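Descriptive analysis of the structure
Each chain, written out:
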Amino acid sequence: MKKNAKRKIFVNTIDLMEEYPIDEITIKMICAYSGINRSTFYAHFTDKYDLFEQIQAYHISRNLQITNTLYQNFDQVKYNKAKLLQFFRIQFKYIYRYRRFFHAVFISHPQKDFVIEMVHLTYESYEKVMAKYTDMDYHMYYIQYLIGGQLGVVFSWLRRNCEESPEEMARIMLRNTIKMRELEETDLPS
């Protein structure tokens, strides 16, 4: 019952986050939407900010798991289109599964600190990949370019209410990655 109450609070708070900025959401609103009393809320959270932090921490840890999987298996992924496609599938299925949350924090009522932390953690994961598996000069700019493009794709997809399936999005990302690799492998003009 307690676990179910906490889950109900999470789900209903995300619904509220779609409708209202975080500062306007009250514990009274959370309890009413969740069908719980205040004592149940306080059995799980110290205040509404603790609740928001727990929701965000969950998604940050999941993002780290996904990007660390890429790092740990990059030697198998880097020239294997099927494995790279699978990595993109996992990313987009995850975003799609929690699209209400991501829409709330990226589009409806952007949570700047959360977005910055996600970008920072993604950057760190990609930095580990680049340091271990490439000898590219100025790879930090490439990573910024890559993350900026990925964010743009995710923002656009969320704004379009995820019209394309996660599978379609994974294929789009794979095609774009292949195009970037082809460009990377060509000689640049002097």
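Bear in mind that the values here come from a model prediction, so they are computed numbers and not experimental data. (Residues numbered from 1 in each chain as written. Predicted model: local features only at pLDDT ≥ 70, side-chain atom pairs only at ≥ 80, totals over all residues. Heavy atoms only, no water.)

1. Some points on a nonpolar patch on the surface
Spelled out, the test is: Residues enter patches when their relative accessible area tops 30% and they take part in no salt bridge; the joining distance is 9 Å for like charges and 5 Å for the nonpolar side chains Val, Leu, Ile, Met, Phe, Trp and Tyr. For the accessible areas, the method is Shrake-Rupley and the probe is 1.4 Å, while residue cover comes only from the protein chains on display. By definition, a salt bridge exists where a carboxyl oxygen of Asp or Glu is found within 4 Å of a side-chain nitrogen of Lys or Arg. A helix here means a DSSP run of H or I that spans at least four residues, while a strand means a run of E at least two residues long, and both kinds are numbered starting from the N terminus. Each residue is placed in one exposure class: buried if its accessible area under a 1.4 Å probe, protein chains only, is under 20% of its type's maximum, exposed if it is over 50%, and partly exposed if it falls in between.
Together, Tyr138, Met140 and Tyr141 make up a nonpolar patch on the protein surface, roughly 390 Å² of accessible area in all. Here Met140 lies in helix H9 (residues 139-159). Judged by its relative accessible area of 35%, Met140 is partly exposed.

2. Some words on the side chain of Ser34
Our working definition: The term polar contact refers here to a pair of N or O atoms within 3.5 Å; inside protein, the definition further demands a hydrogen-donor-capable atom paired with an acceptor-capable atom, and it admits residues adjacent in sequence only when both atoms are side-chain atoms. Only heavy atoms enter the contact rule, under which two residues are in contact if any of them lie within 4.5 Å.
For Ser34, the location among the structural elements is in helix H2 (residues 27-34). Among the residues examined, Ser34 registers a relative accessible area of 2% and is labelled buried. Side-chain polar atoms of Ser34 contact the backbone oxygen of Ile30, separated by 2.8 Å. When sequence neighbours within four positions are dropped, the list of residues in contact with Ser34 reads Lys8, Ile9 and Asn12.

3. Topic: the packing of helix H6 (residues 81-97) against H9
This is how the line gets drawn: Helix axes are fitted only over the stretch in contact, all axes being lines through C-alpha atoms; the angle between N-to-C directions runs from 0 to 180 degrees. When describing relative orientation, an angle under 35 degrees is termed roughly parallel and one over 145 degrees roughly antiparallel, while 65 to 115 degrees is termed roughly perpendicular and anything else oblique. Two helices that cross are described as forming a left-handed crossing if the nearer one is turned anticlockwise from the farther one by less than a right angle, and a right-handed crossing if clockwise. Each residue gets one label: Ala, Val, Leu, Ile, Met, Phe, Trp, Tyr, Cys and Pro are nonpolar, Asp, Glu, Lys and Arg are charged, and the others, such as Gly, are polar.
Relative orientation of the contacting elements H6 and H9 amounts to 40°, with a least axis distance of 12 Å. Considering the angle they form, H6 stands oblique to H9. H9 is crossed by H6, and the crossing has right-handed handedness. Residues Phe88, Phe92, Ile95 and Tyr96 of H6 form the contact with H9, whose own contacting residues are Gln150, Val153, Val154, Trp157 and Leu158. Class assignment for the residues of the contact of H6 with H9 results in eight nonpolar, one polar and no charged.

4. Some thoughts on the nonpolar core
Rules: By convention a nonpolar core is built from buried Ala, Val, Leu, Ile, Met, Phe, Trp, Tyr and Cys residues, the set being connected through side-chain atoms within 4.5 Å. Note that the domain bounds reflect an automated or database-derived domain assignment.
In terms of nonpolar packing, the biggest core is built from 44 residues, with Met17, Phe41, Phe101, Phe102 and Leu158 touching the most fellow members. Contributing elements (two or more residues each) for this core: helix H1 (2-19), H2, helix H4 (48-72), H6, helix H7 (99-108), helix H8 (112-133), H9 and helix H10 (166-185). Looking at this core, the element that brings in the most residues is H6, giving seven residues. Structurally, this core is a two-domain feature, drawing no fewer than three residues from each of domain 1 (1-45) and domain 2 (47-185). If we ignore the near neighbours within four places in the chain, the residues touching Phe41 are Ile9, Ile27, Ile30, Cys31, Ile36, Asp47, Lys48 and Leu51. Among the nonpolar cores identified, the runner-up in size contains five residues, and Tyr126, Met130, Ile143 and Ile147 belong to it.

5. Describing the environment of Glu19
The topology assignment puts Glu19 in helix H1. On the accessibility criterion, Glu19 (46% relative accessible area) is partly exposed. Each C-alpha atom, one on Glu19 and one on Ala104, is 8.1 Å from the other, the two residues being 85 residues apart in sequence. When near neighbours in sequence (up to four residues on either side) are disregarded, Glu19 contacts Tyr33 and His109.

6. Notes on the packing of aromatic side chains
In this description, an aromatic ring pair is defined by two values, namely the gap between the centres and the angle between the planes. The criterion, for reference: To pair, rings of Phe, Tyr and Trp, with the six-membered ring standing in for Trp, must have centres within 6.5 Å; the planes then decide the type, stacked if under 30 degrees apart, edge-to-face if over 60, and tilted in the middle. Note on geometry: a ring has a charge over it if NZ (lysine) or CZ (arginine) is within 6 Å of the ring centre and within 35 degrees of the ring normal.
Counted according to the given criterion, the structure contains 16 aromatic pairs. Consider the rings of Phe41 and Tyr42, whose centres lie 5.3 Å apart with planes at 90°: the pair is edge-to-face. Taking the relative accessible area as the measure of exposure, Tyr42 reaches 40% and is therefore partly exposed. Arranged with centres 5.3 Å apart and planes meeting at 40°, the rings of Phe41 and Phe45 form a pair that is tilted. Here the aromatic residues Tyr58, Tyr94, Tyr98, Phe101, Phe102, Phe106, Phe114 and Phe155 are joined through ring pairs into a cluster of three or more. Above the ring of Tyr96, the side-chain terminus of Arg99 is found at 3.9 Å from the ring centroid.

7. Describing unusual backbone geometry
Its identity as a non-glycine residue notwithstanding, Asn161 has a phi of 55°, on the positive side. Relative to the helices and strands, Asn161 resides in the loop between H9 and H10.

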